[in-house]
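Below, each chain spelled out in residue letters.
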Amino acid sequence: MTNAAEMTANSPSESKLAKLQALFSRLWPSVLAYSAVLIVAVLVLKLPNMKDYVGPDNDDGMRLVEVRDLLNGQNWFDLMQYRLGVDGGTLMHWSRLIDLPIASLIKFFGMFFAIERAEAIALAIWPVSLIFPLMLAMGIAGRRIGGAMAMHISLCLTSLTVMTSGRFLPGAIDHHNAQQALVMMMAAMLLDPRYQAWSFIVAGFCAAVAMAIGAETTPAVASICIIVAIAWAWHGEIYAAAAKAFGLSFALFISLFFFGTVPPRLYSAVTCDNLSLGFYSLSAIGGGLLFVSAVFTRRLSRPGRFVALAGIGVCVAISAVLIAPQCLHNPLNDLDPMLIELWLSGISEAQSVIGISHTEPYALGAFYATGAFAMAACLFRIVQRDRVEIHLILLFLITVSWIIALIQVRGAPFSSLLAILPLALLIIDVRRVSNADRENVAAALCFILVVLASVPAVWAITADLIALRRDEQALRNEKAAQEEKQAACKSREAIAPLAELPVGMVVAPSEMGVPILRFSAQHVITAPYHRNPRGMLTELHIGLAEPKEAEAFLRGAGAMALAFCQGDISSQQLQRLKPDGLYAQLAKGNIPNYLQPYATASGVQYFLFKPVD
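Predicted model, so just to flag it, every value in this text is computed and none were measured.

Engineer: How do you make sense of the overall build of the chain when you look at a structure like this?
Structural biologist: A count of helices and strands for the chain gives 26 helices and seven strands. By principal-axis analysis of the C-alpha atoms, the chain measures approximately 100 × 65 × 50 Å. Looking at the chain residue by residue over its 613 residues, the buried ones come to 51%. With an accessible surface of roughly 27,800 Å², the chain has 65% of that area assigned to carbon and sulfur atoms. Charged side chains in the chain number 44 positive and 44 negative. The centres of these two groups are separated by 9 Å.

Engineer: Would you take a moment to explain the packing of helix α15 (residues 364-383) against helix α17 (residues 412-436) for this structure?
Structural biologist: Two quantities define a packed helix pair, namely the angle between the helix axes and the distance between the axes. Relative orientation of the contacting elements α15 and α17 amounts to 45 degrees, with a least axis distance of 8 Å. On the basis of the axis angle, α15 is oblique to α17. Crossing of α15 over α17 shows left-handed handedness. Between α15 and α17, the residues in contact are Ala366, Phe367, Thr370, Gly371, Phe373, Ala374, Ala377, Cys378 and Arg381 and Ala412, Ser415, Ser416, Ala419, Pro422, Leu423, Leu425, Leu426 and Asp429, respectively. Considering only residue class, the contact of α15 with α17 consists of twelve nonpolar, four polar and two charged.

Engineer: What should I look at first to understand a nonpolar patch on the surface in this one?
Structural biologist: Taken together, the side chains of Ile226, Ile230, Trp234, Phe306 and Phe396 define a hydrophobic patch exposed on the protein surface, amounting to about 440 Å² of accessible area. Looking at the nonpolar patch, the element that brings in the most residues is helix α9 (residues 218-235), giving three residues. Judged by relative accessible area, phenylalanine 306 falls into the partly exposed class, the value being 32%.

Engineer: How should the pattern of salt bridges be read in this particular structure?
Structural biologist: Once the charged atoms of two side chains with opposite charge are near each other, the side chains can pair. Tallied over the full model, the rule gives 18 salt bridges. In this structure, arginine 432 engages aspartate 429 in a salt bridge whose closest nitrogen and oxygen atoms are separated by 2.8 Å. On the criterion of helical spacing, the pair formed by arginine 432 and aspartate 429 is a turn pair, its members being three residues apart in helix α17. A network of salt bridges, in which partner residues are shared, links Arg381, Asp386, Arg387, Asp429 and Arg432.

Engineer: I keep staring at the state of the cysteines and nothing clicks. Help me out?
Structural biologist: Defined simply, a disulfide is a covalent bond joining two cysteines at their sulfur atoms. Applying the stated criterion across every chain, the model contains two disulfides. With a sulfur-sulfur separation of 1.9 Å, cysteine 272 is cross-linked through a disulfide to cysteine 327. Between cysteine 272 and cysteine 327 the disulfide shows an S-S torsion of about -85 degrees. By sign, it is left-handed. Placement of the pair is cysteine 272 in the loop between α10 (237-261) and α11 (277-296) and cysteine 327 in the loop between α12 (302-323) and α13 (337-342), with a sequence separation of 55 residues. The disulfide partner of cysteine 489 is cysteine 565, and the S-S distance across this bridge is 1.7 Å. The disulfide joining cysteine 489 to cysteine 565 has a torsion of about -55 degrees about its S-S bond and is therefore left-handed. Here cysteine 565 lies in strand β5 (residues 559-565) and cysteine 489 lies in helix α20 (residues 473-489), a separation of 76 residues in the sequence. With a relative accessible area of 1%, cysteine 489 lands in the buried category. Judged by relative accessible area, cysteine 565 falls into the buried class, the value being 1%. The connectivity of the disulfide bonds within the chain can be written as 1-2, 3-4, using the sequence rank of each bonded cysteine. In this model cysteine 206 remains outside any disulfide bridge; the closest cysteine sulfur is found in cysteine 225, 12 Å from its own. Residue class for cysteine 206 comes out buried when judged on its relative accessible area of 5%.

Engineer: It is not clear to me how the sheet that holds strand β6 (residues 595-601) should be interpreted in this structure. Could you clarify?
Structural biologist: Working definition: the strands of a sheet are paired by backbone hydrogen bonds and lie parallel or antiparallel to each other. Here five strands make up an open sheet; going across it, the order is β4-β3-β5-β7-β6 and the pairing mixed. Edge positions in the open sheet fall to β4 (523-524) and β6, since each of these has one partner strand only. Bridge count between β5 and strand β7 (residues 604-609): five bridges; the pairing is antiparallel. By the bridge assignment, alanine 563 is partnered in β7 with tyrosine 606.

Engineer: Mind showing me how you'd approach unusual backbone geometry here?
Structural biologist: Outside of glycine, negative phi angles account for most residues, and trans bonds account for most peptide bonds. Its identity as a non-glycine residue notwithstanding, tyrosine 195 has a phi of 55 degrees, on the positive side. Position of tyrosine 195 among the secondary structure elements: in the loop between α7 (176-190) and α8 (197-213). One non-glycine residue, arginine 385, lies in positive phi territory at about 60 degrees. For arginine 385, the position within the fold is in the loop between α15 and α16 (388-407). With a relative accessible area of 64%, arginine 385 lands in the exposed category.

Engineer: Explain the environment of leucine 379 here, please?
Structural biologist: Its location among the elements puts leucine 379 in helix α15. What makes leucine 379 partly exposed here is its relative accessible area of 46%. Spatially, the C-alpha atom of leucine 379 lies 7.4 Å from that of leucine 395, the residues being 16 residues apart in sequence.

Engineer: Got a minute to help me understand the pairing of β7 in this structure?
Structural biologist: Regular strands have side chains that alternate between both faces of the sheet. The buried fraction of β7 amounts to five of the six residues, a majority that puts the element mostly inside the structure. The pairing of β6 with β7 spans six bridges and is antiparallel. Bridge assignment links leucine 595 to a residue of β7, and that residue is phenylalanine 609. Counting the residues that bridge the hairpin from β6 to β7 gives two residues, and of these serine 602 lies at a positive phi of roughly 50 degrees.

Engineer: I'm lost on α8 in this one. Help?
Structural biologist: Helical geometry note: an α-helix holds 3.6 residues per turn, so side chains three or four residues apart project in the same direction. Helix length check: α8 (17 residues) gives 24 Å between terminal C-alpha atoms against 24 Å at 1.5 Å per residue, within 8%. Within α8, twelve of the 17 residues are buried, which leaves it mostly tucked inside the rest of the structure. Every buried residue of α8 is accounted for by Ser199, Phe200, Ala203, Gly204, Cys206, Ala207, Ala208, Val209, Ala210, Met211, Ala212 and Ile213. Its buried side turned inward, α8 meets α4 (96-109), α6 (131-163), α7, α9, α10 and α11.

Engineer: Where do I start with the side chain of serine 255 in this structure?
Structural biologist: Within the secondary structure, serine 255 is located in helix α10. In this structure serine 255 comes out as buried when scored by relative accessible area, which is 18%.

Engineer: What exactly am I supposed to notice about the packing of α7 against α17 here?
Structural biologist: At their nearest, the axes of α7 and α17 sit 10 Å apart, and the two run at 35 degrees to each other. Here the hand of the crossing between α7 and α17 comes out right-handed. Judged by residue contacts, Gln179, Gln180, Val183, Met184 and Ala187 of α7 engage Pro413, Phe414, Leu417, Leu418 and Leu421 from α17. Here the residues of the contact of α7 with α17 are counted per class, giving eight nonpolar, two polar and no charged.

About the thresholds
Residues numbered from 1 in each chain as written. Predicted model: local features only at pLDDT ≥ 70, side-chain atom pairs only at ≥ 80, totals over all residues. Heavy atoms only, no water. Helix = DSSP H or I, 4+ residues; strand = E, 2+ residues; numbered from the N terminus. Buried < 20%, exposed > 50% of the residue type's maximum accessible area, 1.4 Å probe, protein only. Areas by Shrake-Rupley, 256 points an atom, 1.4 Å probe, with all protein chains shown as cover. Lys, Arg positive; Asp, Glu negative; His and termini not counted. Charge placed at Lys NZ, Arg CZ, Asp CG, Glu CD. Axes fitted to C-alpha atoms, helices over the stretch in contact; angles between N-to-C directions. Parallel < 35°, antiparallel > 145°, perpendicular 65-115°, else oblique. Left-handed = near helix turned anticlockwise from the far one by under 90°. Contact = heavy atoms within 4.5 Å. Nonpolar A, V, L, I, M, F, W, Y, C, P; charged D, E, K, R; others polar. Patch = residues over 30% accessible without salt bridge, like charges linked within 9 Å, V, L, I, M, F, W, Y side chains within 5 Å. Salt bridge = Lys/Arg side-chain N within 4 Å of Asp/Glu carboxyl O. Disulfide = S-S within 2.5 Å. Pairing = 2+ DSSP bridges. Expected span 1.5 Å × (residues − 1).

Written out as structure tokens, the structure reads:
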């Protein structure tokens with residue numbers, strides 16, 4: 001009787017628990033819950049510590065400048081930054097597809113708040129809003145490859161990645177966060193076990209958006225295209241609808257974005273750092289030919305389909321050689337050697353694994369270890385004939401991103417996110433083994449280590465602990481102090497004296513370029529963007545030249561004022577390279593007669609340029 005009474009008393013709570021478990025075994029409730037908690041956590045933990053409502057990356061500030069130009073009436077098709085550079089402006093390579101939602105948010109909140117407050121709210125909302133599509137992609141992918149358990153593990157690991165990354169924090173309005181969400185959504189769609197057409201329509205759309213936003217995702221998009229094409233050639237009729245849906249979707253949407261964002265005067269131009277005729281034609285040709293092949297070669301055998309696929313590859317390759325041969329290598333390699341040595345080599349996200357090993361060896365684990373672990377897990381599964389197609393797809397995608405990260409570390413976030421999926425399956429299996437023998441300490445330890453190794457932040461923390469034990473803290477403190485001095489050069493207070501001057505050309509280090517554009521109406525000779533090589537070279541020559549020669553460079557640049565900051569890293573580098581150069585002399589207090597001291601703010605000295613007749 002007692003047992004029956006207890007069972008009756010407990011049944012309501014057990015029923016509620018069962019309903020809750022059933023609810024969170026579904027996709028949408030789980031994704032919404034994780035996204036909501038993560039967004040609140042990001043806002044609560046990060047907003048109070050922010051010193052500025054714009055992210056610390058130069059690209060965040062430059063995006064705001066571009067959005068302001070759009071709101072102030074600059075044409076949708078006009079991406080010229082008229083206040084940057086010495087040639088009447090610099091044509092930027094970014095997309096209006098990111099400008100539009102940010103501008104819309106600012107416009108909306110501008111109806112209720114002052115413009116700066118409206119900007120702050122919009123710049124807080126936009127990055128965290130991208131958490132949801134990323135979590136949706138990871139939830140779909142996890143559920144497709146391993147059910148509810150894999151979905152929850154994927155969402156948990158993604159949450160940790162977002163919290164320890166700066167890409168989805170308030171103020172991070174550069175396009176890298178959107179690109180990560182798009183790449184993961186493409187991967188999720190390819191993992192559809194039923195090859196549903198709608199999944200591949202979404203994949204084609206995401207591929208087109210990713211290409212339109214920026215060229216960084218070109219390897220990932222190319223990988224997706226290769227996977228779809230090979231899967232169609234292998235599977236045949238059961239994959240035909242998927243191949244047709246992807247090919248047609250990709251071709252149509254890339255056409256829409258090309259004609260909707262590229263100005264007509266540039267339709268025939270080929271540039272390798274944004275959506276132009278080169279990337280558009282190759283995408284449309286490849287997608288279109290895949291669609292045609294899937295429609296008209298349905299009766300071919302598997303070898304015949306591979307022959308057709310080889311024909312598509314030949315057509316795309318010939319088109320690349322004829323239309324965009326310059327894009328078959330890294331366009332940044334064409335920069336002036338001086339810019340590569342004094343600017344590009346110092347950009348952390350553009351460094352290779354070799355560069356990182358020299359400058360930040362303890363960061364190697366955070367960038368590469370999780371991806372390498374995931375690739376090993378995929379290879380093991382393939383050898384064991386365990387869910388071979390899933391692991392082949394993930395292995396290919398992770399390997400491509402990981403190789404890109406070896407060349408430029410900016411590819412590491414993609415490989416780390418993709419790595420979550422095979423590692424989620426590994427965690428499930430190791431957990432099952434551990435639970436089957438709870439007395440087995442080795443199995444429990446193995447489970448803990450696999451979970452920890454699946455989180456890039458764990459590798460970073462471990463590296464920090466090792467660095468501390470090896471007396472690296474002094475170097476880190478010195479670096480942090482140097483970065484703080486450089487940040488002071490870029491602050492609102494440092495730029496304030498320029499507001500009192502008439503509009504003109506300001507010569508300043510490249511790291512000060514974006515803050516000057518953001519906080520003043522002045523023109524600036526340079527900012528850290530490869531589309532402005534002449535301005536960047538001119539500023540470097542001014543800093544390196546002896547004072548008498550520097551006057552000619554300043555005159556040629558049409559300079560009104562010069563800004564010199566002792567804390568700027570690039571200026572310090574120029575001083576070491578040329579001790580008798582202009583920047584080195586200014587650091588010593590030797591001011592040539594054509595520079596008239598004007599103001600000093602936050603470590604920045606301003607001089608008016610008065611040419612000597």
